[in-house]
Amino acid sequence: MPVCGINSKHAEDLHFRWLSFRTCYALIVIVFFSIASGFLAAFVMRVNFDFDSVETLIFYGSIFAIAVAFFQLAMKWPAVVLEWQVVESQLPMMRTERERSALAIHIRKIIIIAIGCSLVEHLLSMLSSIYYVNACPVLPNRPIDSYLVLNFSMFFHFVDYNSFLGIVGKVVNVLATFAWSFNDIFVMAVSVSLAARFRQLNDNMLREARLPTSVDYWIQCRINFRNLCKLCNVVDDAISVITLLCFSNNLYFICGKILKSLQKKPSASHTAYFWFSLGYLLFRSLILSLYSASVNDESKRPLRIFQLVPRQYWSTELKRFSEEVHMDQVALTGMKFFRLTRGVVIAVAGTIVTYELILLQFNKADKVNDCYEH
């Protein structure tokens, strides 16, 4: 996401520029992902069409789509953040430094935990690959080269191996692994931030609800609420493609991994990698769903706050505000195909069970992968 000026404290300094290091880097990464996806597609169509090869193709193909989506988002993001700054500046002020820093701390925790788990997952993946390097090396007496060939074996089916291409392949693999996690992290961060701004307004209304309030106060609250709803729509229009890729990816790989859970693993390292990867993916998908749904939860919270307003301070403006909150469906979406509410967690769980019942009918015999089936 090559946006320039990210270290500035002001949204006006954010901009997209074609001639910049970040843009060039992003374009190079996109080219590498497209090349990897092209070779994998050729492998699947010409050499071996099975579940594992298709899964690898979908992984790299989706990462390529994610990279393109973030590059397009980078062109829109400065305008989105500028709109966000305007809306945020009109909200009630936070009272303490702790409240002002809470959101930044929360986002940092999400990043540290997610990247840390992704790193552990990738290291376990490397350990499971080393099993094959020791048991049945592709290049005898050359363990590093054997590992690099194994890491990108579908690519080296068409291209002769050399150390440089092997290292490039490993770099692309690492970038793809963390790009997949970054996609989820980004949607989490945006969801947490939008929910925090709705919560900021709701907490202020909660403090004032039982006190004597004027019509002007509720008019201002209603204006702020409408601005937040518009901001949510602006953000959703910008990131809805990324959100759809995020949830569809997680759904596909959860189904695939649960199906593979019925197969025996050739080593302890494979067992550790598989179950950690599946557990992390399930946990990440659940947290992503809950964080995304929190935007809708906070947008409906004023209805409970309005019940606390004494009868003598109820007004026509407050009634209008209540009707708007009740009727509006404020939530992030996946390209408008679905809204991210708490119900989506149950819907995703039901979809996983449905597809698992279908996939189990096509599950191959339970066996340990040997040197020629990994």
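This is a predicted model, so every value here is computed, not measured. (Residues numbered from 1 in each chain as written. Predicted model: local features only at pLDDT ≥ 70, side-chain atom pairs only at ≥ 80, totals over all residues. Heavy atoms only, no water.)

Asks: Would you mind going over the packing of helix α5 (residues 163–209) against helix α6 (residues 215–260) with me for this structure?
Replies: Each pair of packed helices gets described by two things: the angle between the helix axes and the distance between those axes. Two elements in contact, α5 and α6, have axes separated by 9 Å at closest approach and are oriented at 160 degrees. By the angle between their directions, the pair α5 and α6 is classed as roughly antiparallel. Where α5 crosses over α6, the handedness of that crossing is left-handed. (Axes fitted to C-alpha atoms, helices over the stretch in contact; angles between N-to-C directions. Helix = DSSP H or I, 4+ residues; strand = E, 2+ residues; numbered from the N terminus. Parallel < 35°, antiparallel > 145°, perpendicular 65-115°, else oblique. Left-handed = near helix turned anticlockwise from the far one by under 90°.)

Asks: Could you clarify how one ought to interpret the environment of D236 in this entry?
Replies: Following the sequence through the fold, D236 ends up in helix α6. The class for D236 is buried, based on a relative accessible area of 1%. Taking the C-alpha atoms as reference, D236 lies 34 Å from K260; in sequence the two are 24 residues apart. (Buried < 20%, exposed > 50% of the residue type's maximum accessible area, 1.4 Å probe, protein only.)

Asks: Is there a simple way to explain a nonpolar patch on the surface in this structure?
Replies: There is a patch of nonpolar side chains on the surface, built from W18, L19, L27 and M75 and spanning about 460 Å² of accessible area. Mapped onto the elements of the fold, L27 is located in helix α1 (residues 21–46). (Patch = residues over 30% accessible without salt bridge, like charges linked within 9 Å, V, L, I, M, F, W, Y side chains within 5 Å. Areas by Shrake-Rupley, 256 points an atom, 1.4 Å probe, with all protein chains shown as cover. Salt bridge = Lys/Arg side-chain N within 4 Å of Asp/Glu carboxyl O.)

Asks: Would you mind going over the nonpolar core with me for this structure?
Replies: Soluble globular proteins tend to pack their nonpolar side chains together in the buried interior. With 83 residues, the main nonpolar core has W77, L194, W218, I239 and F321 as its most contacted residues. Looking at this core, the element that brings in the most residues is α6, giving 18 residues. If near-sequence neighbours (up to four positions away) are discounted, F321 is found in contact with M205, W218, C221, R222, F225 and F306. Y132, Y147, L148 and L150 belong to the second largest nonpolar core, which has 6 residues in total. (Core = buried A, V, L, I, M, F, W, Y, C linked by side-chain atoms within 4.5 Å. Contact = heavy atoms within 4.5 Å.)

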